[in-house]
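# Architecture at a glance
The lines below spell out each chain.
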Amino acid sequence: MRPAPAAAFEVTGAAVSRVREVVRGHGVPDGDVSTSRLDLQSSWSYGGGERQFLGYECTASFVVELRELDALERLLVDVVEAGANHVEGVEFDVRAKRELRARAREAAVADALEKAELYARAAGVRLGPVVRIRDVDSEQPGIGYVGHSQGGGEGSLAPGRIRVSAGVLLGLAIIGG
């Protein structure tokens with residue numbers, strides 16, 4: 001806590017500089033580090049029926065993109081030792097997601113067609129042309145439909161194993177009966 005906003009900003013600025021130097025020391029280019037949030041809050045205590053001003057606290061958050069996952073643990077330890085006091089979360093992703101998602105979409109369509117052909121044979125009908133295609137965004141939260149999907153990996157989310165998937169709803173014409 002600092003008695004004035006400027007002092008809180010100064011302390012946080014110094015801590016940010018230390019953390020940024022540690023990140024640079026790990027070979028992370030400045031372009032892979034971005035400030036994502038800056039907060040200034042006043043703090044109060046409430047005791048004995050009175051409210052007492054304690055001071056100001058400034059916090060800064062940033063996002064670090066790290067390509068060498070083997071260096072993650074050491075980087076986290078070093079930034080905490082340099083003054084970072086909260087790690088919000090670590091997310092893993094892939095750079096080739098667009099290409100992987102395109103392959104997963106193609107596989108999802110192939111799976112949907114294969115299943116439709118099976119149902120058509122069982123029902124004694126033939127399939128006509130595709131009359132409707134609807135993308136089911138597998139990354140959008142709250143999707144209630146579990147359809148034909150093809151994933152790019154197995155298991156839970158862990159370094160080196162990221163699931164990239166796609167889903168599709170296909171509407172096909174039915175010929176004969």
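See the structure shown above.
Now for a quick tour of the structure. (Residues numbered from 1 in each chain as written. Predicted model: local features only at pLDDT ≥ 70, side-chain atom pairs only at ≥ 80, totals over all residues. Heavy atoms only, no water.)

### Some remarks on helix H2 (residues 72-81)
- For H2, every residue scored as buried is listed here: Leu 72, Leu 75, Asp 78 and Val 79. Each buried residue of H2 sits inside an arc of 130° when the element is viewed along its axis, so together they form one side. Away from its buried face, by an angle of more than 90 degrees, H2 presents the exposed residues Glu 73 and Glu 81.
- Those residues of H2 that are buried lie in contact with helix H1 (5-25) and strand S2 (50-64). (Buried < 20%, exposed > 50% of the residue type's maximum accessible area, 1.4 Å probe, protein only. Helix = DSSP H or I, 4+ residues; strand = E, 2+ residues; numbered from the N terminus. Arc of directions from axis to C-beta. Contact = heavy atoms within 4.5 Å.)

### Digging into the packing of aromatic side chains
- In the structure shown here, the tally under the stated rule is 2 aromatic pairs.
- Measuring from centroid to centroid gives 5.1 Å for Trp 44 and Phe 53, while their planes differ by 65°, and the two rings are edge-to-face.
- Here Phe 53 falls in the partly exposed class, since its relative accessible area comes to 32%.
- Between Phe 53 and Tyr 56, the ring centres sit 5.1 Å apart and the planes meet at 65°, which makes this aromatic pair edge-to-face.
- An aromatic cluster is present here, built from Trp 44, Phe 53 and Tyr 56 joined pairwise through their rings.
- Directly above the ring of Trp 44 sits Arg 51, whose terminal nitrogen or CZ lies 3.7 Å from the centroid. (Phe/Tyr/Trp six-rings, centres within 6.5 Å; stacked < 30°, edge-to-face > 60°. Lys NZ or Arg CZ within 6 Å of the ring centre and 35° of its normal.)

Shape descriptors only; they carry no functional weight alone.
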